[in-house]
Structure formats: structure tokens, C-alpha cells
Amino acid sequence: MLFIELQYNFSLILQNFVTSVKHEQIITNYDLQKEIKYLEEFNKKKISVSDKVSILNLMIDEKIKIMELKKLNILVNKNLVEKRYRTILKERNLNEKDKNLKKYLIKKIETNQKWNKLIYLKYSNKLAININEIDEIMNLKKIPTEKKEDFIASEKSKKLAIWSKIAFNEIKKSYFV
């Protein structure tokens, strides 16, 4: 009974919901269904009804990122995108011959790399790591010295994620009507 109610509520949301942002960008039910299909193929599992709202929210966020990246003309190296694509294919044991899945993944990788580049360009001065703090944390956690570079990269990734979220929330506000 709960499943039917969730499905009914979700279907009402979708019927009445076309995400409206500046520049007349929309996400249709068809777009959502395609996204779900690719995610199911990529993750090799069925998407639950309760996850569909989250997927829609992620699609909205991605659409906003894409518009912002186009506006700022952020570019990335196509070879690095292709290299990441090949890595994902191997890791996930995916079919390379599926052209639609390839386009989907390439777009996702490209958007992600462009977004990370934008955040890095905007906030690189705030991504600095205090080496003394790193040494202290490594000593407390008993992390071997040879792992220092990996640890620093991990700490920078954490900071990048925080600044990415902050920047995105600021940008997102400007796009909603």
C-alpha cells in the first residue's frame, strides 16, 4: 500500500512539475526517465520509487552547473575526459558499444571535471593545506610518511568538496525564478 501511495505521489509531483530556471531550461518527465534508465544500467540495479525525487533534484543541480559552466566558458581536456571514461568502463565492467551510455557518461564526466576546475580556479587560495597540521594529524593517526602525498590529496579533495557546495548553493539561488 505504501508503494502505491509513494508512486501516486511521485507521479503527481512529476505531472505538475517542470523545473523552471532562468534561460527557459526545463527537465521533463522524459528526461527523468532517461536518467533513471542510464543510472540503472550504470549501477546494474533498479532505482526505487523513493530515489526518483533525489534523482530529479540531482538533475536540477546538474542543469544549473551546466548553465553556469557555459556562461563562464570553462573547458577541460577531452583526452582526460576520455581517459576517465575508459577507467569507469573498466571499473564497472560496462559495454563499450552502447553509444547512448557513452554519451551520457562523457557528459557527466565532462561536467564534473569542468565544475571541479571552476571551483579550483575560484577557490585555489582557500584550498591551501597547512603542512604542520598535516604532519600532526598523520602522527596522531599513525599514518606512514610515504602516504603523505595521498593524505594531502585527500585533505584537498575534502576542502574542494566543501567549497564546491558553498559555491553551488550561491549560484543555485540566482537561477531559481
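Residues numbered from 1 in each chain as written. Predicted model: local features only at pLDDT ≥ 70, side-chain atom pairs only at ≥ 80, totals over all residues. Heavy atoms only, no water.

**Brief notes about the overall build of the chain**
Line of reasoning, step 1. Across its full length, the chain holds 7 helices and 0 strands.
Line of reasoning, step 2. From first element to last, N terminus to C terminus, the chain shows the α and β order α-α-α-α-α-α-α.
Line of reasoning, step 3. When the 177 residues of the chain are sorted by exposure, 33% land in the buried category.
Line of reasoning, step 4. By sequence separation, contacts in the chain at least 24 residues apart represent 71% of the contacts at least 6 residues apart.
Line of reasoning, step 5. In the structure as shown, the chain presents an accessible area of about 12,500 Å², 54% of it carried by carbon and sulfur atoms. (Helix = DSSP H or I, 4+ residues; strand = E, 2+ residues; numbered from the N terminus. Buried < 20%, exposed > 50% of the residue type's maximum accessible area, 1.4 Å probe, protein only. Contact = heavy atoms within 4.5 Å. Areas by Shrake-Rupley, 256 points an atom, 1.4 Å probe, with all protein chains shown as cover.)

**Brief notes about the side chain of T111**
Line of reasoning, step 1. By the element assignment, T111 lies in helix α5 (residues 99-123).
Line of reasoning, step 2. Polar side-chain contacts of T111 include one of 2.8 Å to the backbone oxygen of K107.
Line of reasoning, step 3. Setting aside residues no more than four positions away along its own chain, T111 makes contact with E62, I66 and L69. (Polar contact = N/O pair within 3.5 Å; in protein donor to acceptor, adjacent residues only side chain to side chain.)

**Overview of helix α6 (residues 131-140)**
Along an α-helix, a turn takes 3.6 residues, which lines up residues three or four apart on a common side.
Line of reasoning, step 1. One side-chain oxygen at the N-terminal end of α6 lies 2.9 Å from the backbone nitrogen of N132; it belongs to N130.
Line of reasoning, step 2. Of the residues flanking the end of α6, it is K142, one or two places downstream, whose phi is positive at about 55°.

**Some points on the packing of aromatic side chains**
Line of reasoning, step 1. The final tally for this structure, using the stated rule, is 3 aromatic pairs.
Line of reasoning, step 2. On the numbers, 4.9 Å between centres and 20° between planes, the contact of Y123 with W163 is stacked. Taken as a pair, Y123 in helix α5 and W163 in helix α7 (residues 148-175) lie far apart in primary sequence, 40 residues in all.
Line of reasoning, step 3. We classify Y123 as buried; its relative accessible area is 14%.
Line of reasoning, step 4. In this structure W163 comes out as partly exposed when scored by relative accessible area, which is 22%. (Phe/Tyr/Trp six-rings, centres within 6.5 Å; stacked < 30°, edge-to-face > 60°.)

**Topic: α5**
Line of reasoning, step 1. Its 25 residues give α5 an end-to-end C-alpha distance of 36 Å, which sits within 8% of 36 Å, the value for a rise of 1.5 Å per residue.
Line of reasoning, step 2. Buried within α5 we find L101, Y104, L105, I106, I109, E110, T111, K114, W115, L118, I119 and Y123. (Expected span 1.5 Å × (residues − 1).)

**Examining the side chain of E110**
Line of reasoning, step 1. Here E110 shows up in helix α5.
Line of reasoning, step 2. Here the side chain of E110 touches K78 through a polar contact of 2.5 Å, side chain to side chain.
Line of reasoning, step 3. If we skip the residues at most four places from it in the chain, E110 touches V76, K78 and V81.

**Topic: the nonpolar core**
In globular proteins that are soluble, nonpolar side chains generally tend to be buried together.
Line of reasoning, step 1. I55, I64, L105 and W115 are the most contacted members of the largest nonpolar core, which totals 36 residues.
Line of reasoning, step 2. Secondary-structure elements contributing two or more residues to this core are α2 (29-43), α3 (49-72), α4 (78-92), α5 and α7.
Line of reasoning, step 3. With 9 residues, α5 is the single largest residue contributor to this core.
Line of reasoning, step 4. In this view, W115 contacts K65, L69, S164, F168 and I171; residues no more than four positions away in its chain are not counted.
Line of reasoning, step 5. Residues I129, I134, M138 and I152 belong to the second largest nonpolar core, which totals 5 residues. (Core = buried A, V, L, I, M, F, W, Y, C linked by side-chain atoms within 4.5 Å.)

**A short note on the pattern of salt bridges**
Line of reasoning, step 1. Counted by the stated rule, this structure contains 12 salt bridges.
Line of reasoning, step 2. A salt bridge links E110 to K78; the shortest N-O distance between them is 2.5 Å. With a gap of 32 residues between them, E110 in helix α5 and K78 in helix α4 connect regions that are remote in the sequence.
Line of reasoning, step 3. A salt bridge links K173 to E170; the nearest nitrogen and oxygen atoms lie 3.4 Å apart. Of this pair, K173 and E170 both sit in helix α7, separated by 3 residues, roughly a single helical turn.
Line of reasoning, step 4. Beyond isolated ion pairs, a larger network of salt bridges with shared partners links E35, E62 and K108. (Salt bridge = Lys/Arg side-chain N within 4 Å of Asp/Glu carboxyl O.)

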